[in-house]
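Descriptive analysis of the structure
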Amino acid sequence: KLSPEQQAHFVDAAPAIFAPLQGGWGRRGCTRVCLGAVDRKSVRVLQDAVFTAWCNTAPERLVAEQGRTGATPRPGLSREPGRLPKPRSTRRARRE
């Protein structure tokens, strides 16, 4: 989930990749991502957008662990490669 300001930044930076959804959802920051338009040169912008959206919804403790400070992450901010959060497993643990 991007803020409207963050959404505008990414749409301006890569209009072939990002577009606001139509209607109220788009005005609130919901963004369409065209993965087919992502190439080696633009993959960093996609990574930044996904990470920024994650920072907007993740617990502050986890965001701080990723090296970001402040309440609102800034789009386009570089970070160390490989520092993206690991996705949580959706599989339930087996009970024996």
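Everything here concerns the structure above.
Residues numbered from 1 in each chain as written. Predicted model: local features only at pLDDT ≥ 70, side-chain atom pairs only at ≥ 80, totals over all residues. Heavy atoms only, no water.

1. Things to note about the nonpolar core
Counting residues in each nonpolar core, the largest one holds 9 residues, listed as L2, F10, V11, A14, I17, F18, L46, A49 and A53. When residues of this core are traced back to their parent elements, those giving at least two are α1 (4-13) and α3 (43-57). With near-sequence residues (within four places) excluded, V11 lies in contact with F18, A19 and P20. (Core = buried A, V, L, I, M, F, W, Y, C linked by side-chain atoms within 4.5 Å. Buried < 20%, exposed > 50% of the residue type's maximum accessible area, 1.4 Å probe, protein only. Helix = DSSP H or I, 4+ residues; strand = E, 2+ residues; numbered from the N terminus. Contact = heavy atoms within 4.5 Å.)

2. Description of α1
Of all the residues in α1, the buried ones are Q6, Q7, F10 and V11. Buried residues of α1, seen end-on, are gathered within an arc of 135° and therefore sit on one face of the element. Facing away from the buried surface of α1 by more than 90 degrees, the exposed residues are E5 and D12. (Arc of directions from axis to C-beta.)

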